[in-house]
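What follows is the residue order along each chain.
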Amino acid sequence: MNSGQKKRNFQIEAFKHKVVVDPKYADKTWKILEHAIHEIYNQNASGLSFEELYRNAYNMVLHKFGEKLYSGLVSTMTLHLLEMSKCIEAAHGGSFLEELNVKWTDHNKALQMIRDILMYMDRTFIPSTNRTPVHELGLNLWRDNVIHSPKIQTRLLNTLLELILRERTGEVINRGLMRNIILMLMDLGPSVYHDDFEKPFLEVSANFYRAESQEFIECSDCGDYLKKAERRLNEEIERVSHYLDAKSEAKITSVVEKEMIANHMLRLVHMENSGLVKMLLDDKFEDLGRMYNLFRRVPNGLSTIRDVMMSHIRETGKQLVTDPEKSKNPVEFVDCLLAERDKYDKIIISAFNNDKTFQNALNSSFEYFINLNPRSPEYISLFVDDKLCKGLKGVKEEDIEIILDKVMMLFRYLQEKDVFEKYYKQHLAKRLLSGKTVSDDAERSLIVKLKTECGYQFTSKLEGMFTDMKTSQDTMQGFNAAYGPELGNGPTLVVQVLTTGSWPTQPSVTCNLPAEMSALCEKFRSYYLGTHTGRRLSWQTNMGTADLRATFGNGQKYELNLSTHQMCVLLLFNNADSLTYKEIEQATEIPSADLKRCLQSLACVKGKNVLRKEPMSKDIGEEDAFSVNDKFTSKLRKVKIGTVVAQKESEPEKQETRQRVEEDRKPQIEAAIVRIMKSRRVLDHNNIIAEVTKQLQSRFLANPAEIKKRIESLIERDFLERDNADRRLYRYLA
């Protein structure tokens, strides 16, 4: 090419090429494929070349005969499915499901082969024309031509339901076959399984269990009925796991729960001689656990059990705390409360899965009935006193803690905790002063628990009592060091100096001490007031003890441990052989009630009767005469003579304690009112009542009438004033 020659460039703009297809090509190719489909359904596919068949199907789609291929497939499969349907319809009895299962298996195998042959059509023609894919098409055609066949659809449902009924009545059925048929329905789509089987299955099941539950409840007690209901529930769960859709479990169990449990709940719990109350009384843990597990499955099931249990506990508790016989012995009274609490704790833990709502119901019930008896605070304190005086001897430390925790549990239920505090302080004082406490550690442990529960203010005075006991030991060491040589071999004196504010107020009891003891007491008074300025001492002889050496007419010598009052009485007989009650009373000046108890313990207690009484009787009369019992003997060298005391307060003592409690509450109510008004500045009457009650409920339940009186008192003292416009509105005066 010369350099001067013009350069040429050729470009292809378009290229048209015609492929001429034989008009009979599509028919011929389809005939080959149609024959293959027939052979596959007739199970003669071994001689087919799947590679060649795939190529034929590929070419038909490629040459735009996809529509002919697809419609031909539908008509050919439909033809075979109609033939299958006739075979299934012709099956009799038990062979019906077996024939259906066989044909379903054959159809699935055929469908798999056909889908492989028509894979190219599945990938290209079907998505582009929004047709149903081959596999799904095969399932739909099976559904429409077989399952929804008028002669098969109803028969299939009835057969399945009949087999399930037979299984429910104890027969053994072919679960494998059932599973295959149910899986077939599931494969055909959720709507087929639900509409053709599940919905009628649930309806028939509801009717079955409705009738069966009615039959059961008429001839069974509560425990047996619950066992049957539990068994039926487990059977349905097992049935689902073997051959039903897993999603059916919630639905069928809901049917059983409704028909067998929810519809009969109230009748079951209230069933006479076997219902919930009977189970509680007889500690039927297994039956109670079964009831809990079944009832928790239905709406309001647990609340039904809880309400009946709560009502029963309140009723039995009310009977217990208002029983005059139980109230005669405070320790037995509290033991019964603790036994009742232990019983229901065990039931809730073992049978009710330690359900917190049941624990709350139990606490609410105990709080209700314990406070029905106004003496509950006193009795709980007496129970503690009994345990800490003698009941805990030899008990392991961890067991002591368990008992104290149980006491604290009862204490929490008390609305009048300040009343308990009053009694506890009195009983603690007696234990400390008499040295009767079993364990100082146990005493301190209980005070720590009370402090944790109610705060420092509640226990500050109790802790002060322990401090006084320690200080008294130091004081006595100083006194003995100062006066020891002077005392010689005479009587010894041990004094406990008690701070008035810390210890319970005791009435000042008169008692004429023997001359030698009076002299000792005066020496101690001089020593103490000489070392402590600005203090006063008053002797509480009714709280003291003494040790006496006694020699009786037979020459027997004993050491007697007794109260100060008993000592004063016995020493009178050093100068007289016989004394009347009047003479003893005049000489000692001990109050009548205390003196009678003192003489009872000296003359009327077998084995401790160091005095003789004329006439012999258990009661002390003002005309009785007393003399030393010269025939007194005891196996023990040291004899402890207790005082006959009333374990619980007499009615006047109770009224006096109540009056002291009411007086102590007044400043607490006033302090609460001032705190609230100082914060809020202005508040109406009802809100003050509510706020004060809430603030003080940890100590006692404030009486609205008393709160009103305290408000009036604060108004009189210019802490508060009424609003001029609204008389129910109060203002705080700074």
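Residues numbered from 1 in each chain as written. Predicted model: local features only at pLDDT ≥ 70, side-chain atom pairs only at ≥ 80, totals over all residues. Heavy atoms only, no water.

Caption draft 1: Just the pairing of strand E2 (residues 557-563), in detail. The pairing of strand E1 (residues 545-551) with E2 spans 7 bridges and is classified as antiparallel. Bridging across to E2, Thr551 finds its partner in Lys557. Taken together, E1 and the strand that follows it, E2, pair antiparallel across an intervening segment of 5 residues, in which Gly555 is found at a positive phi of about 85 degrees. (Pairing = 2+ DSSP bridges. Helix = DSSP H or I, 4+ residues; strand = E, 2+ residues; numbered from the N terminus.)

Caption draft 2: Here's a closer look at the nonpolar core. Membership of the largest hydrophobic core comes to 81 residues, with the highest contact counts inside it found for Met291, Phe295, Phe352, Leu410, Tyr424 and Leu450. With 9 residues, helix H18 (residues 330-350) is the largest single contributor of residues to this core. Non-local contacts of Leu410, meaning those with residues more than four positions away in its chain, are made with Val334, Leu337, Leu338, Ile370 and Ile380. Formed by 65 residues, the second largest nonpolar core is a distinct cluster that contains Leu33, Leu48, Met84 and Leu141. (Core = buried A, V, L, I, M, F, W, Y, C linked by side-chain atoms within 4.5 Å. Buried < 20%, exposed > 50% of the residue type's maximum accessible area, 1.4 Å probe, protein only. Contact = heavy atoms within 4.5 Å.)

Caption draft 3: Region of the structure containing the packing of aromatic side chains. For the structure on display, the rule yields 22 aromatic pairs. Aromatic pair Phe366 and Phe369: ring centres 4.7 Å apart, planes at 50 degrees, arrangement tilted. With Phe366 and Phe369 both in helix H19 (residues 356-370) and 3 residues apart, the pair spans about one turn of that helix. Residue class for Phe366 comes out buried when judged on its relative accessible area of 0%. With a centroid separation of 6.2 Å and an interplanar angle of 65 degrees, the aromatic rings of Phe524 and Trp539 are classed as edge-to-face. One end of the pair, Phe524, is in helix H25 (residues 515-531); the other, Trp539, is in the loop between H25 and E1, and 15 residues separate them in sequence. Three or more aromatic residues joined by ring pairs make a cluster, and in this case those are Phe479, Phe524, Tyr527, Tyr528 and Trp539. Sitting over the face of the ring of Phe216, Lys228 holds its NZ or CZ atom 4.5 Å from the ring centroid. (Phe/Tyr/Trp six-rings, centres within 6.5 Å; stacked < 30°, edge-to-face > 60°. Lys NZ or Arg CZ within 6 Å of the ring centre and 35° of its normal.)

Caption draft 4: Layout of H19. Taking 1.5 Å of rise per residue, the 15 residues of H19 would be expected to cover 21 Å, and the 21 Å separating its terminal C-alpha atoms lies within 8% of that figure. Considered for burial, the residues of H19 that qualify are Phe358, Gln359, Ala361, Leu362, Ser365, Phe366, Phe369 and Ile370. Along the long axis of H19, the arc covered by the buried residues comes to 160 degrees, so they all point the same way. (Expected span 1.5 Å × (residues − 1). Arc of directions from axis to C-beta.)

Caption draft 5: Just the side chain of Asn56, in detail. Examined against the element boundaries, Asn56 turns out to sit in helix H2 (residues 50-62). Among all residues touching Asn56, those that are not within four sequence positions of it are Tyr25, Thr29, Ile32 and Leu33.

Caption draft 6: Just unusual backbone geometry, in detail. With omega at -5 degrees, the peptide bond leading from Glu614 into Pro615 counts as cis. With respect to the helices and strands, Pro615 occurs in the loop between strand E4 (611-614) and strand E5 (625-628). At Asn130, a residue that is not glycine, the phi angle is positive and equals roughly 55 degrees. One can find Asn130 in the loop between helix H6 (125-129) and helix H7 (134-147). For Glu589, which is not a glycine, the phi torsion comes out positive at approximately 60 degrees. Inspection of the secondary structure assignment puts Glu589 in the loop between helix H27 (581-588) and helix H28 (592-603). Residue Glu589 is classed as partly exposed on the basis of its relative accessible area, which comes to 42%.

Caption draft 7: Structural context of the sheet that holds strand E3 (residues 578-580). Across the sheet, 3 strands lie side by side as E3-E5-E4; this open sheet has antiparallel pairing. Every other strand in the sheet has two partners, leaving E3 and E4 as the edge strands with one partner each. The average undirected angle you get between the axes of adjacent strands in this sheet is 25 degrees. Summarising the sheet, E3 and E5 pair through 3 bridges and their orientation is antiparallel. When the sheet's bridge partners are listed, Ser578 is paired in E5 with Ser627. Seen against the sheet, H27 touches E3 and E5 and runs at an angle of roughly 85 degrees to E3. (Axes fitted to C-alpha atoms, helices over the stretch in contact; angles between N-to-C directions.)

Caption draft 8: Geometry of the pattern of salt bridges. This model, assessed by the stated rule, comprises 50 salt bridges. Of the charged contacts, one joins Asp405 and Lys449 as a salt bridge, the two residues approaching to 2.8 Å between their closest N and O atoms. Here the residue Asp405 occupies a position in helix H21 (residues 397-413), and Lys449 occupies one in helix H23 (residues 440-454), the gap between them amounting to 44 residues. A relative accessible area of 18% means that Lys449 is categorised as buried. Note that Glu622 and Lys582 form a salt bridge whose closest N and O atoms lie 3.1 Å from each other. One end of the pair, Glu622, is in the loop between E4 and E5; the other, Lys582, is in helix H27, with 40 residues separating them in the sequence. Overall, Glu622 belongs to the partly exposed group, its relative accessible area being 37%. Bridged by salt links that share partners, the residues Glu167, Arg168, Arg175, Glu236, Glu238 and Arg239 form one connected network. (Salt bridge = Lys/Arg side-chain N within 4 Å of Asp/Glu carboxyl O.)

Caption draft 9: Representation of a negative patch on the surface in the model. On the surface, Glu397, Glu398, Asp399, Asp440 and Asp441 cluster together into a patch of negative charge. Breaking the negative patch down by element, the ones donating at least two residues are H21 and H23. A total of 3 residues in the negative patch trace back to one element, the largest contributor, which is H21. With respect to the helices and strands, the residue Glu397 is situated in helix H21. (Patch = residues over 30% accessible without salt bridge, like charges linked within 9 Å, V, L, I, M, F, W, Y side chains within 5 Å. Areas by Shrake-Rupley, 256 points an atom, 1.4 Å probe, with all protein chains shown as cover. Lys, Arg positive; Asp, Glu negative; His and termini not counted. Charge placed at Lys NZ, Arg CZ, Asp CG, Glu CD.)

Caption draft 10: Representation of the side chain of Lys343. For Lys343, the position within the fold is in helix H18. A polar contact of 2.7 Å, which involves the side chain of Lys343, links it to the backbone oxygen of Leu280. Not counting residues up to four positions away in its chain, the partners in contact with Lys343 are Leu280, Leu281 and Asp283. (Polar contact = N/O pair within 3.5 Å; in protein donor to acceptor, adjacent residues only side chain to side chain.)

Caption draft 11: Structural detail: helix H30 (residues 685-696). End to end, H30 covers 17 Å across 12 residues, agreeing with the expected 16 Å (1.5 Å per residue, within 8%). Of the positions making up H30, those classed as buried are His685, Ile688, Ile689, Val692, Thr693 and Leu696. Looking straight down H30, one finds that the buried residues subtend no more than 125 degrees of arc, so they occupy a single side.

Caption draft 12: Representation of the sheet that holds strand E8 (residues 720-722) within the structure. Strand order across the open sheet formed by 3 strands is E7-E9-E8, with antiparallel pairing between neighbours. Strands with a single pairing partner mark the edges of an open sheet, and in this sheet they are strand E7 (682-684) and E8. With strand direction ignored, the average angle separating the axes of adjacent strands in the sheet is 30 degrees. With 3 bridges joining them, E7 and strand E9 (residues 729-732) adopt antiparallel strand pairing. Across the sheet, the residue bridging to Asp684 is Leu729, located in E9. Where H30 meets the sheet, it contacts E7 and E9, and its direction lies at approximately 95 degrees from that of E7.

Caption draft 13: Geometry of the confidence of the model for the protein chain. Of the residues in the protein chain, 94% have a pLDDT of 70 or more, and the chain-wide mean is 87. The low-confidence segment residues 1-8, where pLDDT is below 50, has 0 contacts with residues more than four positions distant or belonging to other chains. Every residue in residues 14-20 is under pLDDT 50, and counting partners more than four places away or in other chains gives 0 contacts. (pLDDT = per-residue confidence, 0-100.)

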